[in-house]
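# Reading the structure
Next come the chains, spelled out residue by residue.
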Amino acid sequence: MALIQISEPGQSTKPHERKLAAGIDLGTTNSLVASVRSGQASVLPDIDGNELLPSVVHYAKDNSVVVGQDAVQYKISDPHNTISSVKRYMGRSLQDIKAKESPLHYNFIETDSAVPRIHTQAGDVSAIEVSAEILSVLKQRAEQTLGDELTGVVITVPAYFDDAQRQATKDAGKLAGLNVLRLLNEPTAAAVAYGLDKGSEGIIAVYDLGGGTFDISILRLNNGVFEVLATAGDTALGGDDFDHAIAEWIKAELNLNEIADKSFQNQLIKAACQAKQVLTTESATTIELEYNSKKYSLELSLEKLNELLDPLIKKTLMPCRRALRDAQVELEDVTAVVMVGGSTRVLRVREKVGEYFQRDPMVDINPDTVVAIGAAIQADILAGNNAEGELLLLDVVPLSLGLETMGELVEKIIPRNTTIPVARAQEFTTYKDGQTAMSIHVVQGERELVSDCRSLARFSLKGIPPLVAGSARIRVTFEVDADGLLHVSAREETTGVESGIEVKPSYGLTDSEIEKMLIDSMEHAEEDVAARMLHEQQVEAARVLEALAAALADDGDMLTADERDKIDTAAAHLLEVSKGNDDRAIKNAMQALDAAAEEFVARRMDSNIKKAMAGHNVDEFDAKH
């Protein structure tokens, strides 16, 4: 007979009580929020039923802020106070932005901080603050729909966002009053939404082309373990660039190149975007514009659109090749290609991607909502609602992380495409006798020399015991958390003194820098190896000469004049060749100095042994062992 448990009134459990969590896709063009309800993830609409929130923020004269669809109208009537595509500015310095935009779309202000600010009539704002306004609206939408406060959220970011861009996104969430459970790579979120994690195994390529960013991720799915093998992309390439290419063609065709009016430029971009959307179902469309009471009309065919977009689509296939190579995967090994991002609605994109991967891409889920749905599923698991959730997400470090060693060389601690979260440690030592401090310089990149990589942070470890060079043991640990954020610490093992830093730079890599770092690392591979060998020999030569000088100062009287002259001549020769570019010559010169000083070294060793044994006998030393 079945047993029935009866509880007193007010004391029964609440099996349907859940912690409210949401997934947020903070997009360049549109943003949206989703949540798991009744076991299903779905996008949460606003009171008018709109799922997409345009990522547009208008700052009014009365200091009020308008976000979303209501702000879009101001892009033409008040463009300088209406900010869109702010995702492109996240984690970037003013120098980075100027390198990409000429002329600048907004009135950026130089400040004491490295974080650039945009001047508006309601005050100066940063990209983080603008993003926080968008996130605040999505937070409010979620809480109104779900009926309570959110426990936490998962916010998606492009897989190729660097540390600065990820930190800026997390800061925006915090500013909006959100508890950010995790930052999740957009391609990973998309694959989760497709339920690809439920398959037993397979290699999946996730092609994510949004409004302002492009990512390609190669994923391996094996018995519920979801691993990112490699990722590549461009943080400043997307549908916005499609619109600008069409707009430039319109201007050229209508001889409107001389018009620099911001409102007209926005009208052009809007017309270009609408034409692009129409041509996903039609073979031609008519573009109509008005400026200074004069009307313009122009026809754009699907064939011409494809011609305009092909160079940009080709730029997305280069990272695809690199990601496959990094993942050590052949094209024929890819079992599925997932299309993500609103820009993948463009038929030419699907066609070219299908041609490259030699298979029809998966397009059966709305590319605008798929990322938010995947983020919602992950948020539900992290909030503790899905006790049986077996989904394991393993993302990767997009660029190698390391530190500077003597000779301005880079010692890579965490190679690119290492699965995160990850912690790696390596021991280093002091270079000079009596050294009591060490400067730690954290860098990012693929090249062998510090000058060819990006500086992330610097900090010092002080209080090292004044030992002989090479005796101290300094353990440097790099930790990258699940959000891709880095913490570096250094500890002197004998004393326990330690220091550390959370790498939180105020700006990140430019779109071209990321691409350039990887391309340069391949193009200059042989040159870099040669440069590293030269620098290593130069560092070793300097160490040998310094040690020799100290030895001669202490025990130079052991040498005859001829012996001293022989050693000095060899040392002078080593000093001279170490200033050159021939690592083999430096190595030979060190060997020649070793030969010249061999007798001196032997005498010093004998002398030191005699000093150590003075007043003792051999049996005493044997007894200690």
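Note that this is a predicted model, so its numbers are computed, not measured. (Residues numbered from 1 in each chain as written. Predicted model: local features only at pLDDT ≥ 70, side-chain atom pairs only at ≥ 80, totals over all residues. Heavy atoms only, no water.)

### Quick notes on helix 7 (residues 239-253)
Test applied: Put simply, DSSP H or I for four residues or longer makes a helix, DSSP E for two residues or longer makes a strand, and each gets a number counted from the N terminus. Helix span is expected to be 1.5 Å times the residue number reduced by one. Working definition: with a 1.4 Å probe on protein chains only, accessible area under 20% of the residue-type maximum means buried, over 50% means exposed, and in between means partly exposed.
If you check helix 7, its first and last C-alpha atoms are 21 Å apart, about what 15 residues at 1.5 Å a residue would give, namely 21 Å. Within the span of helix 7, buried status applies to Gly239, Asp240, Asp241, Phe242, Asp243, Ile246, Ala247, Trp249, Ile250 and Lys251. At the exit of helix 7 stands Asn255, carrying a positive phi of roughly 55°.

### Remarks on the layout of surface pockets
Condition: Of the grid points, spaced at 1 Å and generated over the protein atoms alone, those admitting a 1.4 Å probe that cannot get out make up cavities, while open sets with protein on both sides within 12 Å along at least five of seven lines make up pockets; any residue with an atom within 4 Å of a point is treated as lining. Grid points are joined across faces, edges and corners, and a volume is the space filled by probe spheres set on the points. Basically, the charged four are Asp, Glu, Lys and Arg, the nonpolar ten are Ala, Val, Leu, Ile, Met, Phe, Trp, Tyr, Cys and Pro, and anything else, Gly included, counts as polar.
Taken as a whole, the second largest pocket holds about 840 Å³ of empty space. The wall of the second largest pocket is formed by 32 residues, among which Met406, Thr429, Thr430, Tyr431 and Lys432 lie closest to the centre. For the lining of the second largest pocket, the elements supplying multiple residues, two or more each, are strand 20 (401-405), strand 21 (409-414), strand 24 (437-444) and helix 13 (525-555). The greatest single-element share of the lining of the second largest pocket, amounting to 10 residues, is contributed by helix 13. Split into classes, the residues belonging to the lining of the second largest pocket amount to 14 nonpolar, 7 polar and 11 charged.

### Description of the pairing of strand 24
The line we're drawing: At least two DSSP bridges between two strands are needed for those strands to be called paired.
When you tally the buried positions in strand 24, you get 6 out of 8 residues, the bulk of the element. Sheet topology note: the strand 20/strand 24 ladder contains 3 bridges and is antiparallel. The residue of strand 24 that forms the bridge with Leu403 is Val442. Where strand 24 and strand 25 (residues 454-462) come together, 8 bridges link them in antiparallel fashion. By the bridge assignment for strand 25, Ser439 is matched with Ser460.

### What to know about the sheet that holds strand 10 (residues 123-126)
How we decide: Two residues qualify as a contact provided that any one of their heavy atoms is within 4.5 Å of a heavy atom in the partner residue. Every angle, taken between N-to-C directions, lies between 0 and 180 degrees, and every axis is a line fitted to C-alpha atoms, over only the stretch in contact when it is a helix.
Across the sheet, which stays open at both edges, the 3 strands sit in the order 8-9-10 with antiparallel pairing between neighbours. This sheet does not close on itself; its edge strands, each paired only once, are strand 8 (108-109) and strand 10. The pairing of strand 9 (residues 117-120) with strand 10 spans 4 bridges and is antiparallel. Bridging across to strand 10, Arg117 finds its partner in Ser126. Contacting strand 9 and strand 10, helix 4 (residues 127-146) crosses the sheet at an angle of about 85° to strand 10.

### Considering the nonpolar core
We apply this condition: Side-chain atoms within 4.5 Å link the members of a nonpolar core, which is a set of buried Ala, Val, Leu, Ile, Met, Phe, Trp, Tyr and Cys residues.
Core analysis: the largest hydrophobic core is formed by 52 residues, its most contacted members being Ile216, Ile218, Ile250 and Phe357. Broken down by element, this core gets its largest block of residues, 10 residues, from helix 9 (residues 302-327). Dropping the residues within four chain positions of it, Ile216 is found in contact with Ala205, Val206, Tyr207, Ala230, Thr231, Ala232, Pro319, Cys320, Ala323 and Phe357. Grouped together as the second largest cluster of nonpolar side chains are 40 residues, Ile24, Leu53, Val125 and Val130 included.

### Re the confidence of the model for the protein
To keep it simple, the criterion reads: pLDDT is a residue-level measure of predictor confidence that goes from 0 to 100.
With 86% of its residues at a pLDDT of 70 or more, the protein has an overall mean of 82. Mean pLDDT across the elements of the protein bottoms out in helix 12 (residues 511-523) (51) and peaks in strand 1 (residues 21-25) (95). The low-confidence segment residues 505-515 (pLDDT under 50) makes 44 contacts with residues lying over four places distant or belonging to another chain.

### A closer look at the packing of aromatic side chains
Let me state the cut-off plainly: Pairing of aromatic side chains here covers Phe, Tyr and the six-membered ring of Trp, requires ring centres within 6.5 Å, and sorts the geometry by plane angle: under 30 degrees stacked, over 60 edge-to-face, intermediate tilted.
One pass over the structure, following the stated rule, counts 5 aromatic pairs. Ring geometry for Tyr89 and Tyr106: centres 6.3 Å apart, planes at 90°, overall edge-to-face. Within this pair, whereas Tyr89 is found in the loop between strand 7 (82-84) and helix 3 (94-100), its partner Tyr106 is found in the loop between helix 3 and strand 8, the two being separated by 17 residues in sequence. Residues Tyr89 and Tyr106 agree in their burial class; the two are buried. On the basis of an interplanar angle of 85° and a centroid distance of 5.2 Å, the ring pair of Tyr89 and Phe108 is categorised as edge-to-face. Residue Tyr89 is located in the loop between strand 7 and helix 3, and its partner Phe108 is located in strand 8; the two are separated by 19 residues in the primary sequence.

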